[in-house]
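The chain contents come next:
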Amino acid sequence: MRFPDSARRARLARRHALHPDHRLDDPTQVARALGALHATEPPTVHLGVAARMHDPEVAVVERALYGERTLVKQLAMRRTLFAFPVEALPAVWGSASERVAVQQRAQLIRELERHGVTEDGARWVDRARAAVLDRLAGGVELSARQLREELPELHGLMRGAPGSRWGVADVHFAPRLLTLLGAEHSIVRATNDGHWRTSRPRWTRTDSWLDAVPEPLSPDAGYAALVRSWLAGFGPGTEADLVWWLGATKTAVRAALAAVEAVPVTLDSGATGYLLPGDDLVDEEPGRRWAALLPTLDPTVMGWRERDFYLAPELVPHLFDSNGNGGTTAWIDGRVVGCWVQDEHARVLVLPCAPLRTADRDLLEAEAERLTAFLDGVVISNIYKSRMMKGEPLP
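All of the points below concern the structure found in this document. (Residues numbered from 1 in each chain as written. Predicted model: local features only at pLDDT ≥ 70, side-chain atom pairs only at ≥ 80, totals over all residues. Heavy atoms only, no water.)

Helix and strand counts for the protein stand at 17 helices and 14 strands. A compact globule built from 395 residues would reach a C-alpha radius of gyration of about 21 Å, and the protein, at 22 Å, matches this within 12%. In terms of overall dimensions, the protein has a C-alpha envelope of 65 × 50 × 45 Å along the principal axes. Across the 395 residues of the protein, 51% fall into the buried class. In the protein, the share of contacts with a sequence separation of at least 24, taken over all contacts with a separation of at least 6, comes to 64%. Of the accessible surface of the protein, which amounts to about 17,400 Å², a share of 49% is contributed by carbon and sulfur atoms. Counting 47 positive and 52 negative side-chain charges, the protein places the averaged centre of each group 4 Å from the other. (Helix = DSSP H or I, 4+ residues; strand = E, 2+ residues; numbered from the N terminus. Rg over C-alpha atoms; globule rule 2.2 N^0.38 Å. Buried < 20%, exposed > 50% of the residue type's maximum accessible area, 1.4 Å probe, protein only. Contact = heavy atoms within 4.5 Å. Areas by Shrake-Rupley, 256 points an atom, 1.4 Å probe, with all protein chains shown as cover. Lys, Arg positive; Asp, Glu negative; His and termini not counted. Charge placed at Lys NZ, Arg CZ, Asp CG, Glu CD.)

Below is the structure:
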């Protein structure tokens, strides 16, 4: 069976809640539709939700993250921070997060010993871990700096050197330990001390933050659950897409595809894509045309490795940085046509990659006004800026 690119774009409109007629009512619904929301840049969670909700409000997103706690930030696929629906945590903890935790622990032990902090990196990690968990017991929330200042077990510096990865500055090992404990889901990012557009998390124990801490699934079951979720929102996609999204091995992806009984289809590119059983009906085009403005690292932008069905290859150098991180994007009918920035008055401006038709400009301008209203004077500072966002000469 052939599954055309036009039908894949129609699925974006509906399943990613990008079309105005298919927007959702709360942030957790949005996260469930996408599997997770990227959270490496803090504003991405709020802006990704705002693009997909009927009546988005910052306070509603904050309540889902820190009040109701139906969304939980967790380090997972590709050592990336995501906001997951709470019910997805067992699958994530048992698969992608576990893989990251193993890698982070081994790396931390090596660097502790290499920088002369200790001759026994494993023992340092175990003692520091115990100290952190003991200090955060009973629902205590503390920042990384507070924990480092209070706990001598966390003391240790990565000595910088000219020409090294870390430059000439010394770097504390404490945040690295907290990253590890977060990956292994012993602790979690709790309330944020800063503005919603910045990352100043307090840490607390997971068993204090959640009403009940579920058991992680086995790695095989976890990856199968993640693949099932991804195919429901992003399918059809290729094996390469899944390896990219999960940061997993081909072996793990193939086993997961077999476990969910994924159905192969032929894509317009000639590649083999996969769908869930019974999900092979071709979605109809939306009843009216649509536009969307998405933030940096948005799941729709970053969800596939093979992106030609929604992003012309010649636009990649304009809209992605050299490490493959997607900047802001402007969409018309399921295709990326440019990016967006803010001016000095916090107004959202659309920057097209090529001249647009009047009707397309009008659609994007309406979305720019909607996003400007949501931001309400807040200016977003992005870490992952594309060349086009920075106003650099394009290749």
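That covers the picture; the talk isn't over yet.
Here the focus is the sheet that holds strand 2 (residues 37-38). Here we have three strands laid out as an open sheet, ordered 2-4-3, and antiparallel in their pairing. Both edges of this open sheet fall to strand 2 and strand 3 (71-75), since each of them pairs with a single strand only. Looking at chain direction, strand 2 and strand 4 (residues 81-85) are connected through two bridges and run antiparallel. Among the inter-strand pairings, His38 is bridged to a residue of strand 4, identified as Phe82. (Pairing = 2+ DSSP bridges.)

For the rest of this paragraph, the subject is unusual backbone geometry. The step from Gly235 to Pro236 runs through a cis peptide bond, and the omega angle for that step is 5 degrees. Within the secondary structure layout, Pro236 lies in the loop between helix 11 (219-234) and helix 12 (239-246). A positive phi is found at Ala17, a non-glycine position, where the angle reads about 55 degrees. With respect to the helices and strands, the residue Ala17 is situated in the loop between helix 1 (5-15) and helix 2 (27-34).

Next up on the list: the layout of surface pockets. What the largest pocket holds in volume is close to 1,300 Å³. Taken together, 42 residues make up the lining of the largest pocket; nearest its centre are Thr40, Leu75, Arg79, Thr179 and Arg189. Among the elements of the structure, helix 3 (42-50), strand 3, helix 6 (96-114), helix 8 (144-150), strand 6 (171-172), helix 9 (174-183), strand 7 (187-192) and strand 8 (201-205) are those that each provide at least two residues to the lining of the largest pocket. Per-element tally for the lining of the largest pocket: the top contributor is helix 9, with four residues. Its residues assigned to classes, the lining of the largest pocket shows 19 nonpolar, 14 polar and nine charged. What the second largest pocket holds in volume is close to 200 Å³. Those elements giving two or more residues to the lining of the second largest pocket turn out to be helix 2, strand 4, helix 5 (89-94) and helix 11. Looking at which element gives the most residues to the lining of the second largest pocket, the answer is helix 11, with five residues. (1 Å grid on protein atoms, 1.4 Å probe; cavity = no way out; pocket = protein on both sides within 12 Å on 5 of 7 lines; lining within 4 Å. Points joined across faces, edges and corners; volume = space filled by probe spheres on them. Nonpolar A, V, L, I, M, F, W, Y, C, P; charged D, E, K, R; others polar.)

Relative to each other, helix 6 and helix 9 sit at 155 degrees, their axes nearing to 8 Å. The orientation of helix 6 relative to helix 9 falls into the category roughly antiparallel. Seen from above, helix 6 lies across helix 9 with left-handed handedness. Where helix 6 abuts helix 9, its residues Ser97, Val100, Ala101, Gln104, Arg105, Gln107, Leu108 and Glu111 lie against Arg176, Leu177, Thr179, Leu180 and Ala183. Class assignment for the residues of the contact of helix 6 with helix 9 results in six nonpolar, four polar and three charged. (Axes fitted to C-alpha atoms, helices over the stretch in contact; angles between N-to-C directions. Parallel < 35°, antiparallel > 145°, perpendicular 65-115°, else oblique. Left-handed = near helix turned anticlockwise from the far one by under 90°.)

Our focus in this paragraph is helix 11. With 16 residues, helix 11 extends 22 Å between its outermost C-alpha atoms, agreeing within 8% with the 22 Å of an ideal straight helix rising 1.5 Å per residue. Of the residues making up helix 11, those classed as buried are Gly222, Tyr223, Ala224, Leu226, Val227, Trp230, Leu231, Gly233 and Phe234. (Expected span 1.5 Å × (residues − 1).)

Moving on, we get to the packing of aromatic side chains. The full count for this structure, using the stated rule, is 11 aromatic pairs. Centre to centre, the rings of Phe82 and Trp245 are 5.6 Å apart; their planes meet at 70 degrees, and the pair counts as edge-to-face. Of the two residues, Phe82 is situated in strand 4 and Trp245 in helix 12; the sequence distance between them amounts to 163 residues. Here Phe82 and Trp245 have matching classes, each one buried. With a centroid separation of 5.2 Å and 20 degrees between ring planes, the pair formed by Tyr310 and Trp331 is classed as stacked. Residue Tyr310 is located in the loop between helix 14 (299-302) and helix 15 (316-319), and its partner Trp331 is located in strand 12 (residues 329-332); the two are separated by 21 residues in the primary sequence. For Trp331, a relative accessible area of 0% puts it in the buried group. For Arg69, the ring lying beneath its charged end belongs to Trp209, and the centroid distance is 3.5 Å. (Phe/Tyr/Trp six-rings, centres within 6.5 Å; stacked < 30°, edge-to-face > 60°. Lys NZ or Arg CZ within 6 Å of the ring centre and 35° of its normal.)

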